[in-house]
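Here is what each chain is made of, one letter per residue.
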Amino acid sequence: MAVVQKDDIKIWQRRERGKQFAIWAGYLTVTALFVYCFQLISEKTVWFFVLDAPRQAMDMASRMVPVKWSYMDVLWVAIWDTLNIATLGTVMAVILAIPTAYCAARNTTPSLYFVRPVALFIIVASRSINSLIWALILVAIVGPGVFAGVIAIGLRSIGFCAKLLYEAIEEIDENQVEAVTATGASNAQVTAYGIVPQVLPAFAGISVFRWDINIRESTVLGLVGAGGIGLQLNASITNLAWTQVSLILLVIIATVVVSEWVSAKIRHAII
Amino acid sequence: MTTTTLSRTWKKPPFIKSAFLRWTLGLAVAIYLALAFGTMEVNWTRVAEGIPRGQRFLAGFFPPDFISRWPEILDGLNESIWMTITSTVVGIALSIPIGLGAAKNLAPKPVYLFCRGILAVSRSFQEVIIAIFMVKLFGFGPFAGFLTLSIATIGFYGKLLAEDIEDIDPNQAEAVRATGASWFQWLNFAIQPQVLPRMIGLGLYRLDINFRESAIVGIVGGGGIGATLNTAFDRYELDSAAAILLIIIGIVMVVEYSSGYVRRWMQ
């Protein structure tokens, strides 16, 4: 209990003096770092443009109304493509994430010193390269279109799914595995009856969660030519068709909110 | 007493218990997949052509060339780091009032709906879409990237903060309120200690995400290492691009390991 003695009266304080100083020093460091970094950014900024921004924003907003609802006819296909990119990409990622996670989990990996680091590198590499960068590379390889988008989303999601899955595998109850092993089950049977039932709910939850994230990610893949609603967004912005842009933004919000709701419902039902 | 005859063979209990639901779901998935693959146009000749092209493309990545573009890479990295730090600080600072407003047990209904609306909108748009508009409004460079990442941070952090506040132990909050604490004292002594440990962890996690995202806001003109990467791709200097990608992977790995360490140490 942090108490200071002051003229025979004990006064309660929330923290010990040393801890209070440490927290204060932490705040000081973060503030100093922030001010320093902001200064460096501000040197690279043309402040005239920034000061002009409110006027620009008003101008852009006024061009965005009224929303061109008739453009919706074109957008249905784009929405369908976007959903497909997200769903098929997630399916691909999940299929590839299972062996990766199996190799990365400490308790199931075939080799702790050789296979596990490789699996962990795959996970980190896939997580740190954004789907847009994957799409940039893939459009050059397989040509523009939905297919490139699916693969980009898939490659990007392997890391996320595999990471969460291998953490789930590491947290399983070893007693059940031991019990199944004690019946004389083969290695594959141990996996199927001892491990899979324990991680299946987590696995389903992870897939749905990633699907929800992928919907959001697949809205931008079109910017580099990989299909989906981003294609229309990019075209409308380049053509300065602002009434179409506002409709696309509304559609994106609606899609994302609905998918988030669906995924929350499914996860709630599973867990 | 009734005797039930047990079936001789044991079957694994299915994951979805209701048979009707199981079959309908399976059928729905099958129909969807058929439709999805049906409408996806894959130009296989283009893909076949693309594979040798892809091999050449990948061969261009090796060996990664760290040296010839090193000054530009360093510049981009610096910008990325500035953007990451400033946007995380500003984003978290702004998301605290919004997160408080979006917690159902704290805020009155109109405030709750308003704050939830802000969070939903800022979460709906991928960073790149926000970045396009920020670049249009504020001009090229790291300032646009900084604003983009700040907005994205608000959506992420505010939502998690609000959910965490909704999950707190109401008894503690009531106990502090019963002492006659003012609203701010109540926040400070009843709410904040309950959510702080998790929030610090999430803040570090967001720092990590912001660095990764700073690599792509540059593609649409938001500054940072993404701008360097995009230039490298545009000029077909693939060996430099490979070097940049490796650097990003390396930094993300370091940040991830150290933030995991810090989080364990905090708890």
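Everything quoted here is computed from the prediction, not taken from an experiment.

### Quick notes on the overall build of chain A
Summing up its helical and strand segments, chain A has 10 helices and 2 strands in all. The order of helices and strands in chain A, counted from the N terminus, is β-β-α-α-α-α-α-α-α-α-α-α. For 271 residues, the compact-globule estimate of 2.2 N^0.38 gives 18 Å, and the C-alpha radius of gyration of chain A, at 26 Å, exceeds that figure by more than 25%. When its C-alpha atoms are laid out on the principal axes, chain A stretches across 75 × 70 × 35 Å. Counting over 271 residues, chain A shows a buried share of 38%. Residue pairs in contact within chain A that sit at least 24 positions apart in sequence constitute 69% of those at least 6 positions apart.

### Some details on the overall build of chain B
When helices and strands are tallied, chain B shows 10 helices and 0 strands. Element order for chain B, N to C, with α for helix and β for strand: α-α-α-α-α-α-α-α-α-α. Computed over its C-alpha atoms, the radius of gyration of chain B comes to 26 Å, more than 25% above the 18 Å expected for a compact globule of 267 residues. Projected onto its principal axes, the C-alpha positions of chain B cover 75 × 65 × 40 Å. The buried share of chain B, reckoned over its 267 residues, is 38%. Across chain B, the fraction of contacts at a sequence separation of at least 24, relative to all contacts at a separation of at least 6, is 71%.

### Overview of the interface of chain B and chain A
On the side of chain A, 45 residues touch chain B, which itself brings 42 residues to the contact. Secondary-structure elements contributing two or more residues to the side of chain B that touches chain A are α1 (19–39), α2 (44–61), α3 (70–101), α4 (109–124), α5 (127–138), α6 (142–166), α8 (183–217) and α10 (238–266) of chain B. When residues in the side of chain B that touches chain A are grouped by element, the largest group, 6 residues, is from α2 of chain B. Grouping the amino acids of the side of chain B that touches chain A by side-chain chemistry returns 29 nonpolar, 9 polar and 4 charged.

### Considering the nonpolar core
Core analysis: the largest hydrophobic core is formed by 122 residues, its most contacted members being L132, A135, L138, A152 and L165 of chain A together with V128 and I244 of chain B. The greatest single-element share of this core, amounting to 15 residues, is contributed by helix α6 (residues 146–170) of chain A. Beyond its immediate chain neighbours, meaning those up to four positions away, L138 of chain A contacts A148, I151, A152 and A226 of chain A.

### Some details on the domain arrangement of chain A
Assigned domains within chain A: domain 1 (1–45) and domain 2 (71–270). Taking only C-alpha atoms into account, the centre of domain 1 of chain A sits 41 Å from that of domain 2 of chain A.

### Considerations on the packing of helix α3 (residues 72–104) of chain A against helix α8 (residues 187–218) of chain A
All names here are of chain A. Contact pair α3 / α8: the axes reach a minimum separation of 8 Å and the direction vectors enclose 140°. Taken together, the axes of α3 and α8 are oblique relative to one another. Crossing geometry of α3 relative to α8 is assigned as right-handed. Within the contact between the two elements, α3 uses T82, I85, A86, T87, G89, T90, A93 and V94 and α8 uses S207, R210, W211, N214, I215 and S218. For the contact of α3 with α8, the per-class residue count stands at 6 nonpolar, 7 polar and 1 charged.

### Re the environment of I200 of chain B
All names here are of chain B. Relative to the helices and strands, I200 resides in helix α8. C-beta crowding within 10 Å serves as the criterion here: with 14 such atoms nearby, I200 is assigned to the partly exposed category. As for I200 and R263, which are separated by 63 residues in sequence, their C-alpha atoms are 7.8 Å apart.

### Thoughts on the pairing of strand β2 (residues 9–12) of chain A
Residue and element names in this part refer to chain A. Judged from the 4 bridges that link them, strand β1 (residues 3–6) and β2 form a sheet pairing that is antiparallel. When the sheet's bridge partners are listed, Q5 is paired in β2 with K10. Linking two consecutive strands that pair antiparallel, namely β1 and β2, is a turn of 2 residues; a positive phi of about 50° is found at D7 within it.

### Description of helix α9 (residues 225–234) of chain B
Within α9 of chain B, 7 of the 10 residues are buried, which leaves the element mostly enclosed by the surrounding structure. Among the residues making up α9 of chain B, those that are buried are I225, G226, A227, T228, L229, N230 and A232 of chain B.

### Observations regarding the packing of α3 of chain B against α8 of chain B
All names here are of chain B. One can describe the packing of α3 onto α8 by two numbers: an axis separation of 9 Å at closest approach and a directional angle of 135°. It follows from the interaxial angle that α3 and α8 lie oblique. As for how α3 packs across α8, the hand of that crossing is right-handed. Along its contact with α3, which presents S80, M83, T84, S87, T88 and I92, the element α8 presents G203, R206, L207, N210, F211, S214 and A215. For the contact of α3 with α8, the residue count by class is 5 nonpolar, 7 polar and 1 charged.

### Considering the environment of G260 of chain B
Residue and element names in this part refer to chain B. By secondary structure assignment, the location of G260 is in helix α10. The class for G260 is partly exposed, based on 14 C-beta atoms found within 10 Å. When the C-alpha positions of G260 and L204 are compared, they lie 8.7 Å apart, and in sequence the two are 56 residues distant.

### A look at α2 of chain B
The terminal C-alpha atoms of α2 of chain B, which comprises 18 residues, lie 25 Å apart, in line with the 26 Å expected from a rise of 1.5 Å per residue. Along its length, α2 of chain B shows its largest kink, about 30°, at I51 of chain B, and proline P52 of chain B lies within four residues downstream of that point.

### Quick notes on unusual backbone geometry
Residues and elements named next belong to chain A. Cis rather than trans, the peptide bond between V65 and P66 has omega equal to -5°. Counting through the fold element by element, P66 comes out in the loop between α2 (47–64) and α3. One non-glycine residue, L240, lies in the positive phi region at around 55°. Position of L240 among the secondary structure elements: in the loop between α9 (229–238) and α10 (242–270).

Scoring rules and cut-offs
- Residues numbered from 1 in each chain as written.
- Chains lettered and ligands numbered in written order.
- Predicted model: local features only at pLDDT ≥ 70, side-chain atom pairs only at ≥ 80, totals over all residues.
- Helix = DSSP H or I, 4+ residues; strand = E, 2+ residues; numbered from the N terminus.
- Rg over C-alpha atoms; globule rule 2.2 N^0.38 Å.
- Buried ≥ 20, exposed ≤ 12 C-beta atoms within 10 Å, placed from the backbone.
- Contact = placed C-beta atoms within 7 Å.
- Nonpolar A, V, L, I, M, F, W, Y, C, P; charged D, E, K, R; others polar.
- Core = buried A, V, L, I, M, F, W, Y, C linked by C-beta atoms within 7 Å.
- Domains from an automatic or database assignment.
- Axes fitted to C-alpha atoms, helices over the stretch in contact; angles between N-to-C directions.
- Parallel < 35°, antiparallel > 145°, perpendicular 65-115°, else oblique.
- Left-handed = near helix turned anticlockwise from the far one by under 90°.
- Pairing = 2+ DSSP bridges.
- Expected span 1.5 Å × (residues − 1).
- Bend = angle between axes of the 7 residues up to and from the residue.

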